[in-house]
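Reading the structure
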Amino acid sequence: MSKADNMLAILWLLKANKRMTAKQLADALEMHVRTVYRYIDALCASGVPIVADSGHNGGYSLLPQFKESPLFFDLEEQKALLQAAVFAQEAGYPYGDVLRQALTKLKRYTNEEQRTAIDRHLVGFDVISSGPDEGMAPVLRLLEAAVAGNGTMLIEHHKGVGLEPQRRHIDPYGLVHWKSKWYVVAHCHLREEIRSFRVDRIVSAEPTDARFERPTDFSARSYLLQFLKPWSSADGEKLIAVVVEGKPETLNSLCEMGPFGDSLVERTKDRAHFLLEENAVLTYVPYYLLGFGARLTVLGPPELKARMASLALELHEHYTSML
């Protein structure tokens, strides 16, 4: 660790413990005791009120007033940070390794009483999300760096399952996590307008030497709230109304599945109305619905009903031929 990190570590240890000797500090930080003396002198010179008590029960301690300084987090603040980290990690936060490192430091410099209290608050606190896998982290990191550095990116992006990726240059204005999906809001050089792209559909991304200026007061969040509703397509795809009928418990199960939960427009006791991308309706959506068998009835569109009938016939012929 750097000198600054070591000095901060000494502060945390003194804050978390009533009193510590130079030897205890040296052992905790795995450094020579003479190095501890130098850091203590440097902290005192910078104005940190460290008290040195001699004798058998002596050691270094902080004045009580300094322990309550805003530089340190109290128990409620520590609990809030650790619980918020649970959400971030489940959402696929791209700097998860750095976050875990920070949490380790935070826990290291708490006393036993605080650690016990924090563990009680974390043991029953969980988040389950169908967030992106860790394989997306490198792309998210590149996009985040481009947003912060105003750097144009070259990406390969596909609009749906089975479609060929398109190469395009984008000026990323912001990253937004919405309904378990990451989106990058950017100016698309190909379309010459602002677009949003699902990050899980970005096959590759690489920085370029080009730079851009973000529009004044532009908010990626506001853009998505205005244009990306549950019944809107992030990539400009044509949307088709899908209406299905079934028992309430069957519709509940359907609405919990990825493509349907985000696309639900209206729901009654025994009927659900979705707006889905045209490509999805004719490719993978029929396979989702086929798994429910006769428990669901597709009322529309006609092309989806025809595709369902075709798939059912293919399955019938396949298994009949094996008898």
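Bear in mind the structure is a predicted one, so any value in this text is a computation, not a measurement.

Calculation notes
Residues numbered from 1 in each chain as written. Predicted model: local features only at pLDDT ≥ 70, side-chain atom pairs only at ≥ 80, totals over all residues. Heavy atoms only, no water. Helix = DSSP H or I, 4+ residues; strand = E, 2+ residues; numbered from the N terminus. Buried < 20%, exposed > 50% of the residue type's maximum accessible area, 1.4 Å probe, protein only. Areas by Shrake-Rupley, 256 points an atom, 1.4 Å probe, with all protein chains shown as cover. Polar contact = N/O pair within 3.5 Å; in protein donor to acceptor, adjacent residues only side chain to side chain. Contact = heavy atoms within 4.5 Å. Pairing = 2+ DSSP bridges. Expected span 1.5 Å × (residues − 1). Axes fitted to C-alpha atoms, helices over the stretch in contact; angles between N-to-C directions. Parallel < 35°, antiparallel > 145°, perpendicular 65-115°, else oblique. Left-handed = near helix turned anticlockwise from the far one by under 90°.

In this section: the overall build of the protein. Within the protein one finds 14 helices and 11 strands. When each of the 323 residues of the protein is scored for burial, the buried share is 40%. Of the roughly 18,500 Å² of accessible surface on the protein, a fraction of 53% belongs to carbon and sulfur atoms.

Turning our eyes to something else, we now look at the side chain of arginine 168. As for its position among the elements, arginine 168 is in strand β4 (residues 166-178). By relative accessible area, arginine 168 is classed as buried at 3%. A distance of 2.4 Å separates a polar atom in the side chain of arginine 168 from a polar atom in the side chain of glutamine 166. If sequence neighbours within four positions are ignored, arginine 168 has contacts with Met153, Leu154, Ile155, Lys159, Cys188, Leu190, Arg191 and Phe197.

Turning next to the pairing of strand β10 (residues 271-277). Sheet faces and side chains relate simply in a regular strand, where the side chains alternate between the two faces. In this structure, strand β8 (residues 239-246) lies alongside β10, joined through seven bridges in antiparallel fashion. Within β10, the residue paired with valine 244 across the bridge is alanine 272. Bridge count for strand β9 (residues 264-267) against β10 is three bridges, and the pairing is antiparallel. What sits directly across from glutamate 266, in β10, is histidine 273. Hairpin geometry of β9 and β10 is characterised by an intervening segment of three residues between the two adjacent antiparallel strands.

The next point concerns the side chain of arginine 198. Mapped onto the elements, arginine 198 comes out in strand β6 (residues 193-198). A polar atom in the side chain of arginine 198 sits 2.9 Å from the side chain of aspartate 200.

This part covers the pairing of strand β1 (residues 50-53). Bridge analysis of β1 against strand β2 (residues 59-62) gives four bridges, and the strand direction is antiparallel. Its bridge partner lying in β2, aspartate 53 is registered against glycine 59.

One turn of the α-helix equals 3.6 residues, which is why residues spaced by three or four share an orientation. Along its 16 residues, helix α5 (residues 75-90) runs 23 Å from first to last C-alpha, staying within 8% of the 22 Å computed at 1.5 Å per residue. On its buried face, α5 is in contact with α1 (3-16), α6 (96-108) and α7 (112-123). A positive backbone phi angle near 85 degrees is found at glycine 92, which sits one or two residues after α5.

Before going further, it helps to spend a moment on the packing of α5 against α7. Their axes nearest at 10 Å, the elements α5 and α7 cross at an angle of 40 degrees. On the basis of their axis angle, the class for α5 and α7 is oblique. For the pair α5 and α7, the sense of crossing is right-handed. Where α5 approaches α7, its residues Leu75, Gln78, Lys79, Leu82 and Gln83 are matched on the opposing element by Gln114, Ala117, Ile118, His121 and Leu122.

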